Amino acid sequence: MPARAPMLVTRRNVKELLAHVGARRLDVDVAQERGLITAAKVSGLWVFASSGADLDSSRQLVAAKCEELVSEWFIAGMSWIPNTAASRLLGAKVTGAVAKLFLRELVRKGRFGALGLLTAEFQPYLALFAWDAAAEVEERVGFMISQLARAGKVASSDLPPPSFTPTNDAWRSHLLHHGEFLGLGVRQGTSLLTWKELA
Amino acid sequence: MSTYLVASDSFVVTNSGPVVTRDLVSHDDKIMIVRRDGRLAFSALSDLEQGDADHLGHRIFTNMGDIFLPEGSDILMKGSPLSGAEIEDMAQRDSRVKVEIVNVHHVRTNGQRGDKTRAYQQCLAELRGRAVALPREVAETNGIGEDVEEILEIAGAVFERFEDERWVAYDIDPSPRPLGRHLSAHHATALMLLTAWASDTGSLVSRTRTEETMLRRNLIAGLVAQGSPFETTWVPGYHPVECRLRLLEEEERRAYRSVTAAFAVRHPVYRLVTADPGALVVNLMIVPASG
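This report concerns the structure included in the present document. (Residues numbered from 1 in each chain as written. Chains lettered and ligands numbered in written order. Predicted model: local features only at pLDDT ≥ 70, side-chain atom pairs only at ≥ 80, totals over all residues. Heavy atoms only, no water.)

Brief notes about the layout of surface pockets
In step 1: If you add up the space inside the largest pocket, you get close to 800 Å³.
In step 2: Lining the largest pocket are 27 residues, and of these A114 of chain A together with T210, E211, H239 and V265 of chain B lie nearest its centre.
In step 3: Those elements that place two or more of their residues in the lining of the largest pocket are β6 (113-118), α6 (134-151) and α7 (170-181) of chain A together with β6 (55-62) and β18 (256-267) of chain B.
In step 4: For the lining of the largest pocket, the residue count by class is 15 nonpolar, eight polar and four charged. (1 Å grid on protein atoms, 1.4 Å probe; cavity = no way out; pocket = protein on both sides within 12 Å on 5 of 7 lines; lining within 4 Å. Points joined across faces, edges and corners; volume = space filled by probe spheres on them. Helix = DSSP H or I, 4+ residues; strand = E, 2+ residues; numbered from the N terminus. Nonpolar A, V, L, I, M, F, W, Y, C, P; charged D, E, K, R; others polar.)

A look at unusual backbone geometry
In step 1: With an omega of -15 degrees, the peptide bond running from V235 of chain B to P236 of chain B counts as cis.
In step 2: Non-glycine residue L284 of chain B carries a positive phi angle of around 70 degrees.

A few points about the packing of aromatic side chains
In step 1: On inspection of all chains with the given rule, the structure shows 10 aromatic pairs over all chains.
In step 2: Judged by centre distance (5.8 Å) and plane angle (85 degrees), the rings of F122 of chain A and W197 of chain B are edge-to-face. One end of the pair, F122 of chain A, is in the loop between β6 and β7 (124-129); the other, W197 of chain B, is in strand β14 (residues 196-200), on a second chain.
In step 3: A relative accessible area of 14% places F122 of chain A in the buried class.
In step 4: Residue classification places W197 of chain B among the buried residues on the basis of a relative accessible area of 6%.
In step 5: On the basis of an interplanar angle of 75 degrees and a centroid distance of 5.9 Å, the ring pair of W195 of chain A and W167 of chain B is categorised as edge-to-face. (Phe/Tyr/Trp six-rings, centres within 6.5 Å; stacked < 30°, edge-to-face > 60°. Buried < 20%, exposed > 50% of the residue type's maximum accessible area, 1.4 Å probe, protein only.)

So, the interface of chain A and chain B
In step 1: Contact residues are listed per partner, giving 26 residues for chain A and 28 residues for chain B.
In step 2: Buried area between chain A and chain B, summed over both chains or domains, comes out near 2500 Å², and the portion from carbon and sulfur atoms is 61%.
In step 3: Area buried by chain A at its contact with chain B is led by R108, F122 and W195 of chain A, which between them contribute 34% of it.
In step 4: Counting every contact that joins chain A to chain B gives three salt bridges.
In step 5: Measuring nitrogen to oxygen at the nearest pair gives 3.4 Å for the salt bridge that ties R166 of chain B to E180 of chain A.
In step 6: At the junction of chain A and chain B, the tally comes to nine residue pairs in polar contact (both at pLDDT 80 or more).
In step 7: Counting residues per element, the ones that place at least two in the side of chain A that touches chain B are α5 (96-108), β6, β7, α7, β9 (186-188) and α8 (195-198) of chain A.
In step 8: Taken together, the residues of the side of chain A that touches chain B sort by class into 14 nonpolar, six polar and six charged. (Contact = heavy atoms within 4.5 Å. Buried area = accessible area lost by both parts, 1.4 Å probe. Salt bridge = Lys/Arg side-chain N within 4 Å of Asp/Glu carboxyl O. Polar contact = N/O pair within 3.5 Å; in protein donor to acceptor, adjacent residues only side chain to side chain.)

Brief notes about the packing of helix α2 (residues 116-126) of chain B against helix α4 (residues 144-154) of chain B
Residue and element names in this part refer to chain B.
In step 1: Close contact between α2 and α4 brings their axes to 8 Å; oriented N to C, the two are set at 105 degrees. It follows from the interaxial angle that α2 and α4 lie roughly perpendicular. On the side of α2, the interface is formed by K116, T117, Y120 and L124, while α4 contributes I151, L152 and I154.
In step 2: Its residues assigned to classes, the contact of α2 with α4 shows five nonpolar, one polar and one charged. (Axes fitted to C-alpha atoms, helices over the stretch in contact; angles between N-to-C directions. Parallel < 35°, antiparallel > 145°, perpendicular 65-115°, else oblique.)

Topic: the side chain of T210 of chain B
Residues and elements named next belong to chain B.
In step 1: Locating T210 in the fold gives a position in the loop between β15 (203-209) and α6 (213-226).
In step 2: Engagement of the side chain of T210 in a polar contact is seen with the side chain of E211, the distance being 3.4 Å.
In step 3: Once residues lying within four places of it in the same chain are set aside, the contact partners of T210 are F61, R216, W234, P240, V241 and E242.

A word on the sheet that holds strand β5 (residues 93-94) of chain A
Residue and element names in this part refer to chain A.
In step 1: Strand order in the open sheet formed by four strands is β2-β3-β1-β5, and the pairing between neighbours is mixed. The open sheet terminates on both sides in strands that have one partner only, identified here as β2 (38-42) and β5.
In step 2: Pairing geometry for strand β1 (residues 7-10) and β5, over two bridges, is parallel. Pairing of M7 across the sheet is with K93, part of β5.
In step 3: Each of β1, β2, β3 (45-49) and β5 is contacted by α5, which is oriented at about 85 degrees to β1, the strand it contacts most. (Pairing = 2+ DSSP bridges.)

Examining the pattern of salt bridges
When their charged atoms lie close together, side chains carrying opposite charge are able to pair.
All names here are of chain B.
In step 1: For the structure shown, the criterion picks out 27 salt bridges over all chains.
In step 2: Note that D66 and R216 form a salt bridge whose closest N and O atoms lie 3.0 Å from each other. Here D66, found in strand β7 (residues 65-70), pairs with R216, found in helix α6; they are 150 residues apart in sequence, far enough to count as distant. Across the pair, R216 and D66 agree in class, each one buried.
In step 3: The salt bridge involving E163 is made with R161; its shortest N-O contact spans 2.3 Å.
In step 4: Accessibility expressed as a relative area gives 37% for E163, which makes it partly exposed.
In step 5: Judged by relative accessible area, R161 falls into the partly exposed class, the value being 39%.
In step 6: Overlapping salt bridges bring together R136, E140, E149, R161 and E163 as one network.

Some points on the packing of α2 of chain B against helix α5 (residues 185-194) of chain B
To characterise two packed helices, one gives the angle between the axes of the helices and the distance between these axes.
Residues and elements named next belong to chain B.
In step 1: Interhelical geometry of α2 versus α5 gives an angle of 40 degrees and a closest axis separation of 9 Å. The angle between α2 and α5 falls in the class oblique. The element α2 and its partner α5 pack so that their crossing is right-handed. For the pair α2 and α5, contact is made by K116, A119, Y120, Q122, C123 and L124 and by H186, H187, T189, A190, L191 and L194, respectively.
In step 2: Its residues assigned to classes, the contact of α2 with α5 shows seven nonpolar, four polar and one charged. (Left-handed = near helix turned anticlockwise from the far one by under 90°.)

Spatial relationships are all this shows, so hold off on functional conclusions.
Here you go:
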């Protein structure tokens, strides 16, 4: 019989996990008592796993995938990472909701640098970058500030690319959002304008 | 005598009101301590000296604001004093960590309200040239935008108003920080408005970015001076980039408040010596003598 792939879910998908471990008819508490599944709190919520070893190995796989994505994307919107990381995992079934909790755990532990951004409802969220890209991120934030002081406006296409080629261009938009978070100005289309330029 | 290491962006409570560490005057000021019997008292400030300009420590984010805890200092927690590194470790493991605090209603000083114009000018100087940007919906609620303009006018600031569908912003010419060391109710009034971000069930919510420690410190010290209870929340909790401060109708008389996060950072410090032994009240938290 082939080895069963590790599976991790939140409470919402626990029936899928019970089916995965051949305990479709059991209650989640009974399955836990019989050692068929295990549960642990991650970032304040329960994660259910096919075993304790599966939880540990999947946590490491998700961490590695998140780090890979953040490095590839240069500045990565945090909300985009979990589902992509979960879908790219090989050898483990982890829902996006679980990957999100693992990612929060990594951010709490300072595994990434973070920039603040604002939603349309003025709520903060994060864009992440790898610590070894911190100097390049800082340079681009500095460029944005000096360009605004010089020209009153910075377009996303004005931002100098990093020393490597990110796999997408979303980092440019994240930087402009960060400028708005800092109160440097207001976004219009693909540009950030100083308040004076708005007039 | 007791010696303490205190961050330059912290405030202590003198018998005439909250004062920023850097503005204290040794041999003149009496500052609030917790005596060994647990009672609050004022003790003469025997010595004050500028310390390391780049001291390693931890910034700790709590429901009563934040504090930089220098390496070599502990802070009173529920249970026992802990170092910044120990608090960071517990916060990272998502453990419930609680810090002991002095409630606002326990801070009784002979503080004056001071000069309104000068207080408003100090608040604007602390903005360090950044624009005041309010979500448009907030600016248009209960005359908040007009109140902000009144503050700018009383301070004699040169400013321009801008707006679009999302924002109302005031671009202010930076001005030097006027003299004056006591933080008063005027600072609280001005800074609640200048950092207004939401208007929740009739009461204002202030928003400062985590790195705006001076601005937030002035706001909180001003609230302490006017005896206004408040609470802060840090968002997102797993890596705060913003502080939301909300005024409370009544203070919850609790001795402990939650710690949301703690990060290792560097910051300038001062060395303070008080005539009497005890623990120092810093940003309403309790710092035992170091060394």
